[in-house]
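Structure at a glance
Residue-level listing of the chains:
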Amino acid sequence: MVFHRYATVDGKRLFYREAGDPAKPAIVLLHGYPTSSFMFRELIPRLAADFHVIAPDHLGFGLSDAPAADEFRYTFDALAELTAGLLDQLGVRRYAIYVQDYGAPVGWRLALRDPSAITAIVTQNGNAYEEGFVPEFWSDVFAFHRDRNATTEAAVRGALTLDAIRWQYVTGVPDETLVDPTTWWHDYHLVSRPGNDAVQLDLFYDYATNRPLYPRLHEYFRTHRPPLLAVWGEGDEIFGPAGARAFATDLPDAQIHLLPGGHFLLETAVDEVGELIRKFLPRQ
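Residues numbered from 1 in each chain as written. Predicted model: local features only at pLDDT ≥ 70, side-chain atom pairs only at ≥ 80, totals over all residues. Heavy atoms only, no water.

Okay, unusual backbone geometry next. Note the cis peptide between Y33 and P34, where omega equals 0 degrees. One can find P34 in the loop between β3 (26-30) and α1 (43-47). With a phi angle near 50 degrees, D10 is a residue other than glycine that sits in the positive phi range. Looking at the secondary structure, you find D10 in the loop between β1 (2-9) and β2 (12-19). (Helix = DSSP H or I, 4+ residues; strand = E, 2+ residues; numbered from the N terminus.)

Shown next as structure tokens:
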């Protein structure tokens, strides 16, 4: 049974999905752009028998509050602090993290904030190394980081369109008909809410703060040796397979699996991912 709940953290109403016995080991599922906890709708029931599963919507995404960008400063630091506040409110002190896309910099901040809280890491197309960035996708974003102006912003705005969101879902998948079109229409509808474009542009811009964290993150990997499972859509043209392999640089015992699929691997390989997680986490 999956519960659909809300909690108020620092005055912001956050939506989250919750399943499983709270007495069992916790796993926190952290979604990416442009989706929400909706991306985990098929994975949560597959984990609920063995784990206490919590999947929040980041502020500005899904069913969580989305204050205007001139009323709230959207940064990855802020998203991580809100997530930490939610987990504290729920009494979740130790937990595994599942990170994907934007969920990775949120999860990395949680780990650096309190390394003892993290029992294990599952990263699904959630980057932590320079090697993972596919230049053809990131060139416009990096130009935006170097100089935020009307021209560079216009290039990044392309990521907010229906065609661009659909591209994220179908690129690299073995069979496009396996991906439910509801996914990209669902995300596009929420991203297109009045004022949400400014929210997303601020987060695209703040992504520049994530790469400078990598040396600290790699030191965390080497010092604390968190068990890590990488399950990666090998056809992803945003974070390529090199991003998965790179985890072995600092975590030689990392389990790395490249699977047929794209950026949103759960749309085509949720059974395989769920089974890999179940085999991986009980040992921790």
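The final tally for this structure, using the stated rule, is 15 salt bridges. For E18, the salt bridge is made with R5, and the minimal N-O distance between the two is 2.7 Å. Of this pair, E18 sits in strand β2 while R5 sits in strand β1, and the two are 13 residues apart along the sequence. Judged by its relative accessible area of 9%, E18 is buried. The salt bridge partner of R222 is E219, with a shortest N-O separation of 2.9 Å. A residue pair is termed a helical-turn pair when its members lie 3 or 4 positions apart in one helix, as R222 and E219 do in helix α9 (residues 214-224) at 3 residues. Taking relative accessible area as the criterion, E219 reaches 39% and is therefore assigned partly exposed. Beyond isolated ion pairs, a larger network of salt bridges with shared partners links E42, R46 and D271. (Salt bridge = Lys/Arg side-chain N within 4 Å of Asp/Glu carboxyl O. Buried < 20%, exposed > 50% of the residue type's maximum accessible area, 1.4 Å probe, protein only.)

Take the UniProt feature "domain: AB hydrolase-1" (unreviewed entry) in the chain next. Per the UniProt annotation, the sites labelled "domain: AB hydrolase-1" (unreviewed entry) are residues 25-268. Between the end C-alpha atoms of residues 25-268 the distance is 26 Å, and the span holds 41% helix and 13% strand. (UniProt positions renumbered as here; feature names shortened; annotations may be inferred.)

A few words on the environment of L201. Among the structural elements, L201 can be located in helix α8 (residues 196-206). The class of L201 is buried, set by a relative accessible area of 2%. For L201 and E153, which are 48 residues apart along the polypeptide, the C-alpha to C-alpha distance reads 7.7 Å. Filtering out sequence-adjacent residues up to four positions away, L201 remains in contact with F144, R148, E153, V156 and R157. (Contact = heavy atoms within 4.5 Å.)

With that out of the way, let us pick up empty space enclosed by the protein. Taken as a whole and judged by the stated rule, the model has 4 cavities of 30 Å³ or more. In this structure, the largest cavity encloses a volume near 80 Å³. If you go around the largest cavity, the residues you meet are Y33, D101, Y102, F137, W138, A159, Q168, F204, Y207, I238 and F239. Grouping the amino acids of the lining of the largest cavity by side-chain chemistry returns 9 nonpolar, 1 polar and 1 charged. By volume, the second largest cavity is sized at about 40 Å³. Taken together, L14, P56, D57, H58, L59, L79, L82 and T83 make up the lining of the second largest cavity. By residue number, the principal contributor to the lining of the second largest cavity is helix α2 (residues 76-90), which donates 3 residues. Its residues assigned to classes, the lining of the second largest cavity comprises 5 nonpolar, 2 polar and 1 charged. (1 Å grid on protein atoms, 1.4 Å probe; cavity = no way out; pocket = protein on both sides within 12 Å on 5 of 7 lines; lining within 4 Å. Points joined across faces, edges and corners; volume = space filled by probe spheres on them. Nonpolar A, V, L, I, M, F, W, Y, C, P; charged D, E, K, R; others polar.)

So, about the packing of aromatic side chains. Taken as a whole and judged by the stated rule, the model has 31 aromatic pairs. Summarising the aromatic geometry, the rings of Y129 and F247 are spaced 5.4 Å apart at their centres and angled 85 degrees between planes, so their arrangement reads as edge-to-face. Of this pair, Y129 sits in the loop between β6 (118-123) and α4 (135-146) while F247 sits in the loop between α10 (241-245) and β8 (255-259), and the two are 118 residues apart along the sequence. Note on accessibility: Y129 and F247 belong to one class, buried. Taking 5.7 Å as the distance between ring centres and 65 degrees as the angle between the ring planes, the aromatic pair formed by F133 and F239 counts as edge-to-face. (Phe/Tyr/Trp six-rings, centres within 6.5 Å; stacked < 30°, edge-to-face > 60°.)

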